[in-house]
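Topology and contacts: notes
Here's the letter readout for the chains.
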Amino acid sequence: MGVRPPSSGDDEEPDSVEFGIAAVDAHLRDADLSFPATKDDVRAELGHERIPYDVHGNDVPLGEMLAEVRAERFDSRQELLNALHRPFEKYRQRHSSGVVAQVRSLLPF
């Protein structure tokens with residue numbers, strides 16, 4: 001997922017804030033990892049990376065999210081991202097501060 005941060009009032013286009021599987025994808029693009037890959041391959045290459053799971057920058061080690069995935073092998077990057085989607089969503093929901101925090105995460109300010 002990605003969300004645009006609020007504008008500072010200047011004409012400069014803001015960067016997006018990547019979190020969840022969008023942030024994992026960004027790390028994968030920079031990693032020396034080829035597919036097919038095992039869960040152990042991914043853990044060895046990126047398990048220590050802290051991945052933001054919400055728009056506020058709260059993060060979790062990728063290794064912790066991998067532990068929630070049942071699959072042991074991923075034939076493609078997209079297959080890995082699909083497998084991580086549900087664990088990231090569940091983690092985000094468990095660690096949010098309730099309805100107010102969820103609404104705030106959707107607002108541009």
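Our subject is the structure listed above.
Below, the structure is looked at part by part. Values in this document were obtained by computation on a predicted structure and should not be read as measured data.

1. Re the packing of aromatic side chains
- Enumeration according to the criterion identifies one aromatic pair in this entry.
- With a centroid separation of 4.8 Å and 80° between ring planes, the pair formed by Tyr-53 and Tyr-91 is classed as edge-to-face. Highlighted residues: Tyr-53 in the loop between β4 (50-52) and β5 (59-61) and Tyr-91 in helix α4 (residues 77-94), separated in sequence by 38 residues. For the pair Tyr-53 and Tyr-91, a shared accessibility class is recorded, and that class is buried.

2. Quick look at the layout of surface pockets
- Looking at the second largest pocket, its volume works out to about 170 Å³.
- The wall of the second largest pocket is formed by Met-65, Glu-68, Val-69, Arg-70, Ala-71, Ala-83, Arg-86, Pro-87, Lys-90, Tyr-91 and Arg-94.
- It is α4 that contributes the most residues to the lining of the second largest pocket, six residues altogether.
- By residue class, the composition of the lining of the second largest pocket is six nonpolar, no polar and five charged.

3. Considering the environment of Glu-79
- Summarising the element assignment, Glu-79 is placed in helix α4.
- On the accessibility criterion, Glu-79 (32% relative accessible area) is partly exposed.
- Put simply, Glu-79 and Phe-35 are 44 residues apart on the chain and 9.8 Å apart in space, counted from C-alpha to C-alpha.

Reading guide: rules and limits
- Residues numbered from 1 in each chain as written.
- Predicted model: local features only at pLDDT ≥ 70, side-chain atom pairs only at ≥ 80, totals over all residues.
- Heavy atoms only, no water.
- Phe/Tyr/Trp six-rings, centres within 6.5 Å; stacked < 30°, edge-to-face > 60°.
- Helix = DSSP H or I, 4+ residues; strand = E, 2+ residues; numbered from the N terminus.
- Buried < 20%, exposed > 50% of the residue type's maximum accessible area, 1.4 Å probe, protein only.
- 1 Å grid on protein atoms, 1.4 Å probe; cavity = no way out; pocket = protein on both sides within 12 Å on 5 of 7 lines; lining within 4 Å.
- Points joined across faces, edges and corners; volume = space filled by probe spheres on them.
- Nonpolar A, V, L, I, M, F, W, Y, C, P; charged D, E, K, R; others polar.

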